[in-house]
Structures are given as C-alpha cells and as structure tokens.
Amino acid sequence: VEILTETREQERDFDRIEITLRTIPALLDQSMEGNVDEVSLELTQIVLHMTSEFYMVDFNECRKRILTKCAVAAPRTVADYLCYQFYEDNYTVAHRLDILDVIVESAKELSKLELPSEEDLMDKREVKMKPWEIEVMERLKKKTRRFNSATRVVMGTENKFNSVCGNFFYALMNQYDKEMRTLNLTEEDTLLLGRLIYTLGMVMHCAGNSPAAPTMSKTLLEFCRVFTDIYVLDEYVKQCILFTASIVAQISPATVMTAEIYPQLMDIKLWAEELLVTESLSAETTRLVVYSLEIMNHVIGEGLGGLFPDPVEHNQESVKITQPKITEISTS
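Here is what the cut-offs are and how they apply
Numbers given for residues are sequential positions, taken from 1 along each chain in its written order. Since the coordinates come from a predicted model, pLDDT governs what is reported: local features require at least 70, and pairs of side-chain atoms require 80 or more to be given and counted, while whole-chain, interface and lining totals use all residues. No hydrogens and no water enter the side-chain calculation; it runs on all heavy atoms of the structure. Helix numbering and strand numbering both begin at the N terminus, where a helix is a DSSP run of H or I of at least 4 residues and a strand a DSSP run of E of at least 2. Burial here depends on accessible area, computed with a 1.4 Å probe over protein chains only, as a share of the maximum for the residue type. Under 20% is buried, over 50% is exposed, and the range in between is partly exposed. With residues, only the protein chains shown are counted as cover, and all accessible areas are computed by Shrake-Rupley using a 1.4 Å probe. Put simply, two rings from Phe, Tyr or Trp (the six-membered ring, in Trp's case) pair if the centres are within 6.5 Å, and we call them stacked under 30 degrees between planes, edge-to-face over 60, tilted for the rest. Two distance rules govern patches: like charges are joined within 9 Å, and nonpolar side chains (Val, Leu, Ile, Met, Phe, Trp, Tyr) within 5 Å, applied only to residues with over 30% relative accessible area and no salt bridge. In the sections that follow, a salt bridge refers to a side-chain nitrogen of Lys or Arg positioned within 4 Å of a carboxyl oxygen of Asp or Glu. Across the chain, each position has a pLDDT score giving the predictor's confidence in that residue, from 0 to 100. Whether two residues are in contact is decided by their heavy atoms: any pair within 4.5 Å suffices. Two cysteine sulfurs form a disulfide in these notes if their separation is within 2.5 Å.

The helix and strand inventory of the protein chain stands at 12 helices and zero strands. Seen in sequence order, the protein chain has helices and strands lined up from the N terminus as α-α-α-α-α-α-α-α-α-α-α-α. Put simply, the protein chain has 332 residues, and 42% of those count as buried. Split by element, the accessible area of the protein chain, about 19200 Å² in all, is 53% carbon and sulfur.

As structure tokens, this is what we get:
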C-alpha cells in the first residue's frame, strides 16, 4: 500500500510499483488472517483510481485482476463499495465499465462449482506419456481384477457466491435514475446501460441456485421492464435485455415461473415479439430475439403445464430446444 501511494515524484520507483502490481493478486489468493476486509477495501480504493503513469503493457488488465481478487477476498465489503462507486460523479465511462467487469469476474470466481474429474486429470497425464507407456497402462487395466470396489462419491463444493449475491446485485440497480453531471443512463450513456443490464444478468446466472434467486429474478425483470417502455432504445440495450431475460427464464424452475415471475417474463416476451413486427433490427439482434423467444416460450409452457395437467394442445414443432445453453453476448 505504501508503495502504491507514494506521492512525491522523486520517491516513486516505477519498477517497484510494477512488481507490486504483479505480486498483489498472488498475495490475495493466499489465506490472509486478521483485517482482510480492511486491506482489500483499501487496495480497491487505491487501485480503482490508479492511472497509467508509466509504460506497462498490461496495466489495465493487471489493475482489474487486483480489483477482482479484492472482491473475492472480501466480497461484501468490496462489492458494496464498487456498486455505490458506479453511481458516483467523479468517474469516467472507462472507470464505470471497469467496475462492471470486476463485478462479473469476481461473481464468476466466487460461484465456481466444478472441479476436474479423476478421468480428466488422467487424460491430461496421458497426453504427456509416450505411446508405449499408454499401451502398457491399457493392458494393465484390462488384466486387473477388482473386488468390492467402492462406488466413487462425487463431493460437492461450496458456492461462496450464494451468501453474498445480494451485495453484487441490489445496490447496482437502485440508483439508475440518479441525476448526475457525468452519467445519464437513459439518454447519452446507453453503452453503460447495456453493460449494466448485462452485468446484472451475469450476476443472476452466478446466483442461479441461491435461495435468493426467485426474488432476484423478479426484481431484475421489473428493472428490465422499465427500459422496454422507452420508445427510442439503443439496439445494444435491446440485446442485453433479451440476454438477461433468457438467463432468468433458464434458471427458474416451473414453480417459480408460475408463482413469482410469470407476469414480468410475459411482458418481456410480448415486447420481444413486438420488436420483430414493428422495428428494423440488425441480423444479429433478430437472431437473438428469435432465440430468446424460443427459450421464453418453452419455459413459460413448462410452467403453465405444471398448473394445468391437461393443457390445450399446441404446436410443439416451433420449440426445437429443451434446455438451450445461454452464451455470453459480446460486450465490446
């Protein structure tokens, strides 16, 4: 911290600052004892405001990596700080985009659930083996007899994001209409608005198996619904709304669909259908609209099917997917 906060030009050693910036992520990965929240917050405050005053080829990437590690080390404290700073007046568009990137990356890192299986690790080892060694191993496997082999139990891992997902979510949307000199989401800063909606969708995706997910889903769809009422809406914002609605539809079980978010999702669905009829869209946006409508129609149909055991027959050929995989849209 002292190295990063040196103010006198003659005292600043830029080589030492670069080494420090490259070392901090590894230090934060280690288990720290004591005032983790305080140290992480102080580093976040310093690094967030840093600008490149010397040549460092990956300065911005290194800076965002440090911020992500701080958010992972102290998620409640750092996420609260970043979300509220997004709506402060003394930041550029680039700073606000960096904040959103850090929120997404730290949410992804906290919510990791899968570990490489034993077979995957074996495959990686065999890649480095010589052909004759692989052949010997295969013959040994075929001739080896196993008695009373225990069934392997796949152990789950803790989703560290579930307990803190609200800190990454609610504060990021509760000041969207705040009047500021350097930020106007509904008019000039449509890129930021789209990235904000996209970020909320990714946070929702990371919190998909959280107990708070149903309430978060409903809140997010209501937030998106605010912007679908805007007549002149940037096409990138439309793409982000469709992406986010598709995320919510995919992670919501049928019981939640009918009890919590059905009205909100239907509003988004009707808006998407209207886009195809009334607006001239790019090929990319048209594909996303069609894709999102397939997902929403499929999920809404499943939810209503749970309420009505004998539903009215409808054409199933229009829905050719069962559980499509959402891929991240381009954020460039």
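What follows picks up the thread again.
Turning our attention to the packing of aromatic side chains. On inspection of all chains with the given rule, the structure shows seven aromatic pairs. Between Phe-86 and Tyr-87, the ring centres sit 5.0 Å apart and the planes meet at 90°, which makes this aromatic pair edge-to-face. Pair check on accessibility: Phe-86 and Tyr-87 agree, each one buried. Geometrically, the ring pair formed by Phe-223 and Phe-227 is edge-to-face, given 5.1 Å between the ring centres and 75° between the ring planes. Residue Phe-223 and its partner Phe-227 are both found in helix α9 (residues 213–228); the two are separated by four residues, about one turn of the helix. Under the relative-accessibility criterion, Phe-223 is labelled buried at 4%.

This part is about a nonpolar patch on the surface. Taken together, the side chains of Leu-276, Val-277 and Val-290 make up a nonpolar region of the molecular surface, amounting to roughly 260 Å² of accessible area. Relative to the elements of secondary structure, Val-290 occurs in helix α12 (residues 283–307).

Moving on, we get to the pattern of salt bridges. Applying the stated rule across the entire model yields 11 salt bridges. Among the salt bridges present, the one from Asp-58 reaches Arg-22, with a minimum N-O distance of 2.8 Å. Placement of the pair is Asp-58 in the loop between α2 (36–48) and α3 (59–73) and Arg-22 in helix α1 (residues 14–29), with a sequence separation of 36 residues. Taking relative accessible area as the criterion, Arg-22 reaches 37% and is therefore assigned partly exposed. The salt bridge partner of Arg-63 is Asp-98, with a shortest N-O separation of 2.8 Å. Of the two residues, Arg-63 sits in helix α3 while Asp-98 sits in helix α5 (residues 93–110), which places them 35 residues apart along the sequence. A relative accessible area of 4% means that Arg-63 is categorised as buried. Each of Arg-63, Lys-64, Asp-98, Asp-101 and Arg-195 takes part in salt bridges that share partners, so that together they form one network.

This part is about the confidence of the model for the protein chain. Keep in mind that low pLDDT regions are not for reading the predicted coordinates in detail. Per-residue confidence for the protein chain gives a mean pLDDT of 77; residues scoring 70 or more make up 68%. Here helix α6 (residues 118–127) is the element of the protein chain with the lowest mean pLDDT, 45, and helix α4 (residues 75–85) is the one with the highest, 95. Predicted confidence for residues 149–154 stays below pLDDT 50, and this span has two contacts to residues more than four positions away or in other chains. Note that residues 306–328 has pLDDT below 50 and, in this model, 25 contacts with residues that lie over four places away or in other chains.

A few words on the state of the cysteines. Summed over all chains, the structure comprises zero disulfides. Cys-165 takes part in no disulfide bond, and the closest cysteine sulfur to it belongs to Cys-206, at a distance of 9.9 Å. We classify Cys-165 as buried; its relative accessible area is 2%.

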